[in-house]
Amino acid sequence: MAGVPPALSQGAGYGIVIGLSVAFALVMIGITWSLKKVNREVQTSEMFNTAGRSVKAGLIGSAVVSSWTWAATLLQSTTVCYKYGVSGPFWYASGATVQILLFATLAIEMKRRAPNAHTFLEVIRARFGTAGHIVFMVFGLITNILVSLMLYVGGSAVVNALTGMHTIAAIFILPAGVIAYTVVGGLKATILTDWANTFIMLVIIIIYGFEVYASNPLLGSPARVYELLVEAAARHPVDGNAGGSYLTMRSTDGIIFFVINIVGNFGTVFLDNGYWNKAIAASPVDALPGYILGGLTWFAVPWLTATAMGLAALALETNAAFPTFPDRMDPNDVSAGLVLPYAAVALLGKGGAVAALIMVFTAVTSATSSELVAVSSICTYDIYRTYFKPNASGKSLIWMSHVAVASYSLFISAFSIGLWYGGISLGWLYLFMGVVISSAVLPATLTMLWKGLNKWAACLSPILGTCCSLIAWIVTAHKESGELTVDSLGANYPMLAGNVTALLSPAVFIPIFTLIFGMDDYDWQSMMNIKRGDDHDVAEAEGVNVEDTMGGHEETAAEFDEEQKKLLHASKISKIMTTVMTIILLVLWPIPMYGSGYIFSEGFFAGWASIALAWILISFLLVGVYPVWEGRVTIVRTIKGLLGKGDVITEGHEASPGDITPTEKSGAKGGVSAL
Ligand SMILES: NC(N)=O
């Protein structure tokens, strides 16, 4: 970053970041208040942490897209495009989409087997007791911490590069508004802002895509981008790529990144309580379509962003408009995630910088909000209620959730400052995450899917796996470069060794522990026995019956049986559908292109870019526009109620048809929001 002047002034930076934070916080607090006033949504502990278990597919889809779109999704994908060419964005996108798709299966199993759970850790405890609970809680919290650090570190680096705002100031200011609306609105506010963030972010990505491939005077067509990429490869051919070209899927470093990416992302989906939270928040029939929608639409986010902005940076580096002209980018700036903002400045000047700032802001805030609620529900239910106050009232559970949100954010800000001083960048953290956490993926998955998993295998294989992965990572770094530094530990081969060992070592430990201690024969009953929170005090204080609050309704036996039937059906569909999609994205589409070493022709490249553009437009319709249509009845009713033209919902009021999620009787009784 040394010597590169920021595109915007510090004043503009503070104005945009603080202005957006205040605007988001006020709007979300206002929406929470309106839903409470018009729809009688009482903020019980169940509502704060599960959104009443009634959210529909479109909104779950946009929540998945939004919380899975980290700063890294936009910045690191663009980095790997800049380094490895067209393969980088594809490997990033496919290597992080399949986990969301496969997670749909786990989400259904969780809803089927533990319908009243608030967190995945509660489920682990129900099956394996305190030891398992503590082991997976540590892995879960490390996952949340790593993801949050990437958000704060990546986001603040971009704000600093574009505006000159001090990185430490950015680390504290970026999450401030999120804390406010998350504390007030809980998981539902998170899911609603997820939609708003997704909408804004997709619009900006679409603008960038069309600038690069259709309208910008410096590029403006696939043919021009292609020509400049051929020239770039002639100036600096890519080591390990077919013909040294940026226009091929055959890339040695690209495929190493692909493997690291797959492993790390299994950890960050399967162990992040945030994704289990959304599964819990979904109404039973909406979890599967919500996750499939989220996964498939998200694919276009890193793919198109990086295919446009990473390639634009390579094409424009020799143009005086590029911020580092006449030099290439400094490798530290590349690792910090600055390729995208620099490309945005080259393409659109100050306007590009503002758009990049807003886009990164939306990615950071929505994913941060999801992390805050995830950690807050662990602190509230898994630590406070489990080990300190088993009979905690709804009011004290909410108080604990608020304390957890604020203190966790302060902790992450302090930790991010330490990383900034230590020279640890977003790119480094991204490659590293799987080394630490991914050994818990297989045991966590089998907890939901295999009754034979015994307590020893579940509790010890993650710990032993992480010991092995750390050793593999450190030993490989030392062997490769003869020293242990941030750079040597951050290189591709040590990260590859650490990640692969983490994911696969439990496949050795679990059979060993099964041989030693025998197969378990779990009956799934203890998961089913998990209870909802007691919100009588909060409901009474608001003058409503707890049965009429969202998530407060006790299911009848008939309702339960009906729901189980639907979930079993969804479970079968999910297993087949997600496996097929995974094979397409990881094998059938990319591997023949890798194996053949094909270098894209100009026509093929134009087709590739067009498919990416079409995909993002479809994503916009599905997760940007469709959730509004899906929630139209509630939106209209809320607006009418606020204008004094409609009914304020009262107890016993029957909601209109289509207003409620199909299996939530509480919705019909209480006339609750279907958003
Ligand atoms: N969420 C990711 N891996 O971008």
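As recorded in an unreviewed UniProt entry, the protein chain goes by the name Urea active transporter, listed as coming from Zalerion maritima. According to its UniProt record, the protein chain has this under Sequence similarities (unreviewed entry): "Belongs to the sodium:solute symporter (SSF) (TC 2.A.21) family." Regarding the protein chain, the UniProt comment filed under Subcellular location (unreviewed entry) reads as follows: "Membrane".

### Section: the packing of aromatic side chains
Considering all chains together, one arrives at 46 aromatic pairs under this definition. Judged by centre distance (6.3 Å) and plane angle (90°), the rings of Phe 322 and Tyr 342 are edge-to-face. In this pair, Phe 322 is assigned in the loop between helix H12 (287–316) and helix H13 (331–335) and Tyr 342 in helix H14 (residues 339–388), connecting sequence segments 20 residues apart. Residue Phe 322 is classed as buried on the basis of its relative accessible area, which comes to 2%. Look at Tyr 342 and you get buried, because its relative accessible area is 2%. Between the aromatic rings of Tyr 598 and Phe 604, the centroid separation amounts to 5.1 Å while the plane-to-plane angle is 80°, which identifies the pairing as edge-to-face. Residue Tyr 598 is classed as partly exposed on the basis of its relative accessible area of 32%.

### Some words on the pattern of salt bridges
Scanning all chains against the criterion turns up 8 salt bridges. The salt bridge involving Asp 521 is made with Lys 451; its shortest N-O contact spans 3.3 Å. You can see Asp 521 sitting in the loop between helix H21 (506–517) and helix H22 (525–528) and its partner Lys 451 sitting in the loop between helix H17 (441–449) and helix H18 (455–481), a full 70 residues away along the chain. The partner of Lys 566 in a salt bridge is Glu 562, with the nearest N and O atoms 3.8 Å apart. With Lys 566 and Glu 562 both in helix H24 (residues 557–588) and 4 residues apart, this pair spans about one turn of that helix.

About the criteria used
Residues numbered from 1 in each chain as written. Predicted model: local features only at pLDDT ≥ 70, side-chain atom pairs only at ≥ 80, totals over all residues. Heavy atoms only, no water. UniProt positions renumbered as here; feature names shortened; annotations may be inferred. Phe/Tyr/Trp six-rings, centres within 6.5 Å; stacked < 30°, edge-to-face > 60°. Helix = DSSP H or I, 4+ residues; strand = E, 2+ residues; numbered from the N terminus. Buried < 20%, exposed > 50% of the residue type's maximum accessible area, 1.4 Å probe, protein only. Salt bridge = Lys/Arg side-chain N within 4 Å of Asp/Glu carboxyl O.

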